[in-house]
Amino acid sequence: MSEMALDLAVPVRSLKPLISNSIFGQAALGLGTTFYLKASASKMASAKAETNKNCVRGKTIDSHLHIWASPQEAADTYPYAPGQNPTLPGHLDFLLQYMEEASVDGALIVQPIHHKFDHSLLTSVLKKHPTKFVGCCLANPAEDGIGVKQLEGLILKDGYRAVRFNPYLWPSGQEVYVKFSALFRVSRLSFPYQDLVPLLAEVVSSFGANRVMWGSDFPFVVPECGYQGAKEAASLIASETSLSSSEVEWIMGKTVMQLFQGQWLP
């Protein structure tokens with residue numbers, strides 16, 4: 001199955017011994033297991049009203065994309081992991097250009113394999129754009145405790161709010177979120193991937209639009225249909241699924257905004 005239908009959110013009780021249980025919230029399980037981290041109770045309470053107001057504004061938030069260093073950045077500051085040189089561009093300015101052209105307001109950036117457990121590039125981007133991006137770090141499965149210490153630092157010091165774990169660490173659970181992501185990987189047709197209409201209809205029927213969230217899979221989507229094309233395809237498929245305008249808004253931004261309350265402000 002594809003990533004579009006496999007990022008499922010579950011409780012993370014089994015991980016409480018690893019890191020203070022006050023930082024864990026909901027989780028997503030997919031090709032890699034992603035845990036979403038909740039903010040402190042006080043922060044969530046103060047941001048709740050503002051978040052609800054912003055949701056009504058119809059923001060578009062991309063729940064799954066990657067960035068990595070340009071060749072020059074890799075040579076100077078942010079080296080690629082051994083054997084993980086990318087085959088296409090994915091640097092920050094490249095992403096920002098496409099987001100502006102497609103009118104996408106914010107995104108959840110997932111740490112890419114090209115930098116493996118070195119999060120320095122993504123951390124610098126999160127600090128530079130704190131209201132635009134949320135960070136999803138990659139958990140280091142090392143058994144010597146280094147991975148846990150790194151994870152604690154990324155979450156408690158650097159402000160990452162989601163964690164992707166090795167699939168073998170998948171926990172069980174019932175609370176589910178579904179990413180409507182990387183449509184070009186799932187469809188057997190070319191853009192705009194209209195064979196996915198019945199699949200989206202089934203997913204929304206099973207989970208509800210407020211549990212489904214669009215993701216582009218940038219930059220892999222760029223040579224396929226372009227970043228704006230990824231957004232347009234999702235909107236077109238949703239419209240042909242006979243979803244209401246409210247349900248489309250949930251899929252295109254409100255769901256991920258609800259998951260990360262108070263993040264994407266005007």
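Residues numbered from 1 in each chain as written. Predicted model: local features only at pLDDT ≥ 70, side-chain atom pairs only at ≥ 80, totals over all residues. Heavy atoms only, no water.

1. A few points about the overall build of the protein chain
Within the protein chain one finds 10 helices and eight strands. When burial is assessed residue by residue, the protein chain has 53% of its 266 residues classed as buried. Taking the intrachain contacts of the protein chain between residues at least 6 apart in sequence as the baseline, contacts between residues at least 24 apart amount to 77%. When the accessible surface of the protein chain is split by element, carbon and sulfur atoms take 52% of a total near 12,200 Å². (Helix = DSSP H or I, 4+ residues; strand = E, 2+ residues; numbered from the N terminus. Buried < 20%, exposed > 50% of the residue type's maximum accessible area, 1.4 Å probe, protein only. Contact = heavy atoms within 4.5 Å. Areas by Shrake-Rupley, 256 points an atom, 1.4 Å probe, with all protein chains shown as cover.)

2. Here's the deal with the state of the cysteines
Tallying each qualifying case throughout the model produces zero disulfides. With no disulfide partner, Cys136 has as its closest neighbouring cysteine sulfur the one in Cys137, 6.3 Å distant. On the accessibility criterion, Cys137 (1% relative accessible area) is buried. (Disulfide = S-S within 2.5 Å.)

3. Structural notes on the pattern of salt bridges
Evaluation of the coordinates by the stated rule reveals one salt bridge. Note that Arg185 is salt-bridged to Asp217, the shortest N-O span being 2.7 Å. Here Arg185 is found in helix α6 (residues 183–186), whereas its partner Asp217 is found in the loop between β8 (212–215) and α8 (222–225), with 32 residues between them in sequence. We classify Arg185 as partly exposed; its relative accessible area is 48%. On the accessibility criterion, Asp217 (3% relative accessible area) is buried. (Salt bridge = Lys/Arg side-chain N within 4 Å of Asp/Glu carboxyl O.)

4. A few points about the packing of aromatic side chains
Here the structure, examined in full by the defined rule, presents nine aromatic pairs. Ring plane angle 55° and centroid distance 6.1 Å describe the contact between Tyr98 and Phe218, whose orientation is recorded as tilted. Here Phe218 lies in the loop between β8 and α8 and Tyr98 lies in helix α3 (residues 92–102), a separation of 120 residues in the sequence. Each of the two residues, Tyr98 as well as Phe218, counts as buried. Measuring from centroid to centroid gives 6.2 Å for Phe260 and Trp264, while their planes differ by 90°, and the two rings are edge-to-face. One cation-aromatic arrangement involves Arg185 over Phe220; the distance from NZ or CZ to the ring centre is 5.1 Å. A cation sits over an aromatic face here: Arg211 above Tyr177, 4.7 Å from the ring centre. (Phe/Tyr/Trp six-rings, centres within 6.5 Å; stacked < 30°, edge-to-face > 60°. Lys NZ or Arg CZ within 6 Å of the ring centre and 35° of its normal.)

5. Thoughts on the side chain of Gln111
Take Gln111: it is sitting in the loop between β4 (106–110) and α4 (120–128). In terms of polar contacts, Gln111 uses its side chain to reach the backbone carbonyl oxygen of Lys116, at 3.0 Å. Once residues within four sequence positions are removed from consideration, Gln111 is found in contact with His66, Lys116, Asp118, His119, Leu122, Cys136, Cys137 and Leu138. (Polar contact = N/O pair within 3.5 Å; in protein donor to acceptor, adjacent residues only side chain to side chain.)

6. Details of the nonpolar core
Core analysis: the biggest nonpolar cluster contains 57 residues, and Phe133, Phe180, Leu200, Trp214, Tyr227 and Ile251 have the highest contact counts within it. Once you skip the residues sitting within four places of it in the chain, Ile251 turns out to touch Phe180, Leu200, Val204, Ala209, Val212, Met213, Trp214 and Leu243. Among the nonpolar cores identified, the runner-up in size contains 13 residues, and Tyr177, Met213, Met257 and Leu259 belong to it. (Core = buried A, V, L, I, M, F, W, Y, C linked by side-chain atoms within 4.5 Å.)

7. What about unusual backbone geometry?
Cis geometry marks the peptide bond from Phe191 to Pro192, where omega comes out at 10°. A cis geometry characterises the amide bond from Phe218 onward to Pro219, with omega recorded as 0°. Within the fold, Pro219 resides in the loop between β8 and α8.

8. So, the pairing of strand β5 (residues 133–138)
Within β5, six of the six residues are buried, which leaves the element mostly enclosed by the surrounding structure. Summarising the sheet, β4 and β5 pair through four bridges and their orientation is parallel. Along β5, the bridge assignment pairs Ala107 with Phe133. In this region the chain leaves β4, passes through α4 and returns to the parallel neighbour β5; the handedness of that crossover is right-handed. (Pairing = 2+ DSSP bridges. Right-handed = clockwise from strand over helix to strand, strands pointing away.)

9. Re the confidence of the model for the protein chain
Chain-level statistics for the protein chain give a pLDDT mean of 81 and a share of 74% at 70 or above. The secondary-structure element of the protein chain with the lowest mean pLDDT is strand β1 (residues 24–29), recorded at 38, while α4 shows the highest, at 98. Below pLDDT 50 for its whole length, residues 1–33 participates in 112 contacts with residues either more than four positions away or in separate chains. (pLDDT = per-residue confidence, 0-100.)

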